[in-house]
Amino acid sequence: MAHEKNEYQPKVEASMEQYNCMEPEEFNATCANVFLDKIEPCTARNISYNDFASLIFVQGEEAIHHLFTRGTHDEISYGACFLMLFIYFIGACWAAGSAVSSGLVVPMLLIGACYGRIIGMICVDLARNSGYGPYPQGSVWAWLDPGVFALIGAASFFGGVTRLTIALTVIMIEISDDVQLLLPIMISIVIAKWIADFITHSLYHAVIELKCMPLIDTAPPAAFRMDNEPISKLMNTPIRTVNKHPTLHEVWSLLTSTNHGGFPVVEETSHGNVIVGLVSRPNLRLLLNHVEFHFEAGQEAPTHIPLYDNVFAGELQTQTQSPLIDAQELEPNNSHDLCVNVTTVMNDSVFTIYDTFSIERAFILFRNMGLRHLPVVDKNNVVVGMLTRKDLLAHEIEEKTGYGHHGHHGHHHESDA
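Residues numbered from 1 in each chain as written. Predicted model: local features only at pLDDT ≥ 70, side-chain atom pairs only at ≥ 80, totals over all residues. Heavy atoms only, no water.

(A) Spotlight on the overall build of the chain. Broken down by element type, the chain carries 16 helices and eight strands. The buried share of the chain, reckoned over its 417 residues, is 40%. For the chain, restricting intrachain contacts to residue pairs at least 6 apart in sequence, the fraction spanning at least 24 positions comes to 69%. Counting only carbon and sulfur atoms, one obtains 57% of the accessible surface of the chain, whose full area is about 23900 Å². (Helix = DSSP H or I, 4+ residues; strand = E, 2+ residues; numbered from the N terminus. Buried < 20%, exposed > 50% of the residue type's maximum accessible area, 1.4 Å probe, protein only. Contact = heavy atoms within 4.5 Å. Areas by Shrake-Rupley, 256 points an atom, 1.4 Å probe, with all protein chains shown as cover.)

This is the structure we're talking about:
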């Protein structure tokens, strides 16, 4: 057994870059010139390599290729894998949270490949100590390969971070080009996803929360029983509305005093302010800024303006939700005498729900239709509240409905959507 171990030479990839040292004679002469007081024999070998340098000083794709390569049981040491795992994990976390345009696919594959190969090398050492013989004489080495463990580790880490399942399995099978690894890859991805879901949500979900983007889930939170809870507990009230033909001063006052993204358009009736549509903030700003859409109070409101398509087509494509506007810049002197026709730009097919509508059904309607605003009305179609994406976040539902340890009932505020 000892004789076989001495004869064994570890297999190394042909692409593994080796040292580029000087020839022994030239190297000895250099040593003699530099160390005049102490001349020692110097030798150099160009057949060796540095495993850690082969991982850290190359592109990420090449380092992953070294870790995935089959039949290289002793090419990379424990120290190189542990050091690469530590440095690359810290560096990937720092780069992912910075403003640098850096991807996460290669770092996730490389980090997973590092700890996967470490586990594979541990299994190889256990097999050797158990008497299976040195590689490659033993039959156990046909399947006990650190490169395979690196592939499975990369798949598990990728799946735990992104929560991908079927798509990731197809990607990893195409990377390995070995359909026999389908089952272990699937098992590792599913187990990693289960464990990660038990601990926290995905990385991309965390990034969305850091950016304060109101992303609602695809389904209502399972922890809340919302089928019997009315939407009146979640809606924002009182709300700001706009008439069909408001004055410029009213529009200007509405835009300067709030930063809402949409406003219900109402019409006064005997029952109250009945909703007739919904107008967005960018549309109101464009009506306010272009004199082509202004008309004097008491005159008939224009219903079609030839410049409408030319004015709105270019500006609405580039304009995002507007912040508070400058009063001195945008309010004209005769703003109390001029009006705008909001009906030309409003959405007259807006979705509305009754204030007795259940939270669960409102959540499904809002999510499936991709809405930003959902007005809430009473039995007379009078606007009594507004529902936005922020109101359907899990913590908002918990706070307003009273579910959870810190929830309370009856809390309403104006939305900043």
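The structure having been displayed, the exposition proceeds.
(B) Expanded view of the packing of helix 7 (residues 146–162) against helix 9 (residues 182–199). Relative orientation of the contacting elements helix 7 and helix 9 amounts to 35 degrees, with a least axis distance of 8 Å. For the pair helix 7 and helix 9, the sense of crossing is right-handed. Mapping the contact onto sequence places L151, I152, A155, S156 and G160 in helix 7 and P184, I185, S188, I189, A192 and A196 in helix 9. (Axes fitted to C-alpha atoms, helices over the stretch in contact; angles between N-to-C directions. Left-handed = near helix turned anticlockwise from the far one by under 90°.)

(C) Spotlight on the pairing of strand 3 (residues 273–280). Examined bridge by bridge, strand 2 (residues 262–268) and strand 3 share seven bridges and lie antiparallel to one another. Across the sheet, the residue bridging to P264 is L278, located in strand 3. Two successive antiparallel strands, strand 2 and strand 3, enclose a turn made up of four residues, where G272 displays a positive phi of approximately 135 degrees. (Pairing = 2+ DSSP bridges.)

(D) Structural detail: the sheet that holds strand 6 (residues 353–354). Taken together, the three strands give an open sheet; going across it, the order is 6-7-8, and neighbouring strands pair in mixed fashion. On the outer flanks of this sheet lie strand 6 and strand 8 (383–388), each paired with one strand and no other. Looking at chain direction, strand 7 (residues 373–377) and strand 8 are connected through five bridges and run antiparallel. From the neighbouring strand, L374 faces strand 8, where its bridge partner is L387.

(E) Molecular detail of the pattern of salt bridges. Under the criterion given, the structure shown has seven salt bridges. Notably, a salt bridge pairs K233 with E229, separated by 2.5 Å at the nearest N-O pair. Shared partners join several salt bridges into a network, and the residues in it are D74, D125 and R128. (Salt bridge = Lys/Arg side-chain N within 4 Å of Asp/Glu carboxyl O.)

(F) Inspection of the side chain of S156 at higher detail. Mapped onto the fold, S156 is located in helix 7. On the basis of relative accessible area, S156 is assigned to the buried category, the value being 12%.

(G) Main features of the sheet that holds strand 2. Overall, mixed pairing links the three strands, which are arranged 1-2-3 in an open sheet. Of all the strands in the sheet, the pair left with one neighbour each is strand 1 (242–243) and strand 3. Of the strands in this sheet, strand 2 and strand 3 touch helix 12 (residues 281–289), which is tilted by about 85 degrees from strand 3.

(H) Spotlight on a nonpolar patch on the surface. Together, L183, I187, V190, I191, W194, I195, F198 and I199 make up an exposed nonpolar region whose accessible area comes to about 910 Å². Counting through the fold element by element, W194 comes out in helix 9. Given the relative accessible area of 61%, W194 is considered exposed. (Patch = residues over 30% accessible without salt bridge, like charges linked within 9 Å, V, L, I, M, F, W, Y side chains within 5 Å.)

(I) Region of the structure containing helix 9. For helix 9, built from 18 residues, the straight-helix expectation of 26 Å at 1.5 Å per residue is met to within 8% by its first-to-last C-alpha distance of 26 Å. Among the residues of helix 9, I185, S188, I189, A192 and A196 are the ones counted as buried. Buried residues of helix 9, seen end-on, are gathered within an arc of 95 degrees and therefore sit on one face of the element. Set apart from the buried face of helix 9 by more than 90 degrees, the exposed residues are L183, W194 and F198. Those residues of helix 9 that are buried are in contact with helix 7 and helix 8 (166–176). (Expected span 1.5 Å × (residues − 1). Arc of directions from axis to C-beta.)

(J) View of the packing of helix 7 against helix 8. Interhelical geometry of helix 7 versus helix 8 gives an angle of 155 degrees and a closest axis separation of 11 Å. Between helix 7 and helix 8, the interaxial angle falls into the category roughly antiparallel. Crossing of helix 7 against helix 8: the hand is right-handed. On helix 8, the residues touching L151, A154, A155, F158 and G159 of helix 7 are L168, M172 and S176. Class assignment of the residues belonging to the contact of helix 7 with helix 8 gives a composition of six nonpolar, two polar and no charged. (Parallel < 35°, antiparallel > 145°, perpendicular 65-115°, else oblique. Nonpolar A, V, L, I, M, F, W, Y, C, P; charged D, E, K, R; others polar.)

(K) Structural view of the environment of L83. Assignment of secondary structure puts L83 in helix 5 (residues 78–96). A relative accessible area of 38% places L83 in the partly exposed class. Separated by 27 residues in sequence, L83 and I56 place their C-alpha atoms 9.5 Å apart.

(L) Fine view of the nonpolar core. If you look at the biggest cluster of nonpolar residues, it comprises 35 residues, and the most contacted ones within it are L67, F68, L110, M172 and I185. Contributions of two or more residues to this core are made by helix 4 (60–68), helix 5, helix 6 (105–129), helix 7, helix 8 and helix 9. If we skip the residues at most four places from it in the chain, M172 touches L109, L151, A154, A155 and I185. If you look at the next biggest cluster of nonpolar residues, it comprises 18 residues, including L248, F263, V279 and L338. (Core = buried A, V, L, I, M, F, W, Y, C linked by side-chain atoms within 4.5 Å.)

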